[in-house]
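Below, each chain spelled out in residue letters.
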Amino acid sequence: MTATVDQSTTTRAGRRSPLTAVAGVGALAAFAGAAVVFGDPIGGAGTAEEAATALESSSVELAAVLLGAYALLAIAVVGGLAARLARVRDGAAVRLLPVLGAAHVLLLATAFVALAGAVVVGRQVLGGGVSPGAAETALLITNVAHPMSAWLGAGFLIAVVLAARTVSRPLSVVSAVFAVGLLLPPVGWAVTYLMALWFAGVGIWLSLRD
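Because the structure is predicted, anything quoted here is derived from the model rather than measured.

Colleague: For the packing of helix H2 (residues 19-38) against helix H4 (residues 60-86), give the residues involved together with the corresponding values.
Modeller: For the pair H2 and H4, interaxial distance at closest approach is 8 Å and the crossing angle is 160°. When the interaxial angle is binned, H2 and H4 end up roughly antiparallel. Considering only the axes of H2 and H4, their crossing is left-handed. Of the residues in H4, those in contact with Thr20, Ala23, Gly24, Gly26, Ala27, Ala30, Phe31, Gly33, Ala34, Val37 and Phe38 of H2 are Val60, Leu62, Ala63, Leu66, Leu67, Ala69, Tyr70, Leu73, Ala74, Ala76, Val77 and Gly80.

Colleague: Explain the environment of Val99 residue by residue, including any values.
Modeller: The residue Val99 is located in helix H5 (residues 92-125) in this model. Val99 sits in the exposed class, given a relative accessible area of 53%. Along the backbone, Val99 and Leu197 are 98 residues apart, and their C-alpha atoms lie at a distance of 20 Å.

Colleague: Can you explain the nonpolar core? Please cite residues and give values.
Modeller: The biggest cluster of nonpolar side chains holds 63 residues, and the ones touching the most others in it are Tyr70, Leu81, Phe156, Trp198 and Phe199. For this core, the secondary structure elements donating two or more residues are H2, helix H3 (48-56), H4, H5, helix H6 (132-164), helix H7 (169-183) and helix H8 (185-209). The dominant element in this core, judged by the number of residues it contributes, is H5, at 15 residues. Not counting residues up to four positions away in its chain, the partners in contact with Phe199 are Gly24, Tyr70, Ala74, Val77, Val78, His104, Val105 and Phe156.

Colleague: Help me get a handle on H5, residues and values and all.
Modeller: Along H5, the largest kink reaches about 30° and is centred on Pro98. Backbone geometry just after H5 places Gly127 at a positive phi near 70°.

Colleague: Could you give me a rundown of the packing of aromatic side chains, with the residues and numbers involved?
Modeller: Counted by the stated rule, this structure contains eight aromatic pairs. Note on Phe31 and Tyr193: the rings are 5.7 Å apart at their centroids and 45° apart in plane angle, and the pair reads as tilted. Of this pair, Phe31 sits in helix H2 while Tyr193 sits in helix H8, and the two are 162 residues apart along the sequence. On the accessibility criterion, Tyr193 (30% relative accessible area) is partly exposed. Put simply, the rings of Phe31, Tyr70, Phe156, Trp189, Tyr193, Trp198 and Phe199 touch in pairs and so form one group of aromatic residues.

Rules used throughout
- Residues numbered from 1 in each chain as written.
- Predicted model: local features only at pLDDT ≥ 70, side-chain atom pairs only at ≥ 80, totals over all residues.
- Heavy atoms only, no water.
- Axes fitted to C-alpha atoms, helices over the stretch in contact; angles between N-to-C directions.
- Helix = DSSP H or I, 4+ residues; strand = E, 2+ residues; numbered from the N terminus.
- Parallel < 35°, antiparallel > 145°, perpendicular 65-115°, else oblique.
- Left-handed = near helix turned anticlockwise from the far one by under 90°.
- Contact = heavy atoms within 4.5 Å.
- Buried < 20%, exposed > 50% of the residue type's maximum accessible area, 1.4 Å probe, protein only.
- Core = buried A, V, L, I, M, F, W, Y, C linked by side-chain atoms within 4.5 Å.
- Bend = angle between axes of the 7 residues up to and from the residue.
- Phe/Tyr/Trp six-rings, centres within 6.5 Å; stacked < 30°, edge-to-face > 60°.

Structure follows, in structure tokens:
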């Protein structure tokens, strides 16, 4: 009877699960959808009044919802990665993965949620449209949350490198490249957006490795 239980347990453990792959690809799709929907409506705004007018005609609310979905799905991938690495080794790097990974994607989502909040308050709560003050405050939050997201993302990837160096060399190398990119001010903002590809790739890798 013991042999039967052990064999059944081994079979279940060796069975591949597509859930992390679905989460990773879903995160990539949600992020791509947010980027397409939002575009760059306030890119040419030179004053708070111009930014408020641009936000009025944008679809930032839908972009914020999609970014929220991206954050949830990316966190699912982070949880799967932490669980996978914890089977091999346990340490501070592995335990920091969920915290740093969640903080990274939530701060990125905050950058869009702040803009969406200004629009929702102006349209639905006050009924007078987006005010220049609300637009300026939202942009301030965005410009604080976005670089913080990049810094915590770099910390998350460094933790991945330390935790996965004996598990997967390709994962460690790719994570190290992304971490360096996030720490470089000229390209850090762009690498933050490319992190959606990282989550998709890791989700697929986890499903194959399970």
